[in-house]
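Each chain, written out:
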Amino acid sequence: MEERETTYYVCNVCGYVSDGILPDECPICGAKKERFVKFG
Ligand SMILES: [Zn+2]
């Protein structure tokens, strides 16, 4: 079995999910990256 780690960053403001990349700011609501919560 292969262990695959996928990291998600979820915008704490609007719920936008970025797959694997932490954006400088949210493309939807413009929240700073500090507002993103890391999953995975
Ligand atoms: Zn957002």
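In case you missed it, the structure is sitting above this.
To keep things clear, this report deals only with the structure shown in the data block.

Conventions and cut-offs
The written sequence of each chain sets the order in which its residues are numbered from 1. At least 70 in pLDDT is required for a residue's local features to be given in this predicted model, at least 80 for side-chain atom pairs to be given and counted, and no such filter applies to totals for whole chains, interfaces and linings, which use all residues. Strands here are runs of E lasting at least two residues and helices are runs of H or I lasting at least four, both read from the DSSP assignment and numbered beginning at the N terminus. Burial is judged by counting the other C-beta atoms within 10 Å of a residue's own C-beta: 20 or more makes it buried, 12 or fewer makes it exposed, and any count in between marks it as partly exposed, with every C-beta position built from the backbone. Residues are scored as being in contact if the C-beta atoms we place from backbone atoms lie within 7 Å. DSSP-based pairing: two strands are paired if at least 2 bridges between them are found. Convention adopted: a line fitted to C-alpha atoms gives each axis, helices being fitted over their contacting stretch, and angles between N-to-C directions are expressed from 0 to 180 degrees.

## Observations regarding the overall build of the protein
So, point 1. A tally of helices and strands in the protein yields zero helices and three strands.
So, point 2. Put simply, the protein runs from its N terminus to its C terminus through helices and strands in the order β-β-β.
So, point 3. Here the C-alpha coordinates of the protein stretch approximately 40 × 15 × 15 Å along the principal axes.
So, point 4. When burial is assessed residue by residue, the protein has 10% of its 40 residues classed as buried.
So, point 5. Counted over contacts in the protein with a minimum sequence separation of 6, partners at least 24 positions apart contribute 33%.

## Things to note about the sheet that holds strand S1 (residues 8-11)
So, point 1. If you trace the three strands from one edge of the open sheet to the other, you get S2-S1-S3, paired in antiparallel fashion. The sheet is open, and its two edges are formed by strand S2 (17-19) and strand S3 (36-39), each paired on a single side. Across the sheet, the mean angle separating the axes of adjacent strands is 25° when strand polarity is ignored.
So, point 2. Summarising the sheet, S1 and S2 pair through three bridges and their orientation is antiparallel. When the bridges of S2 are listed, tyrosine 8 appears paired with aspartate 19.

Keep in mind these values describe shape, not function.
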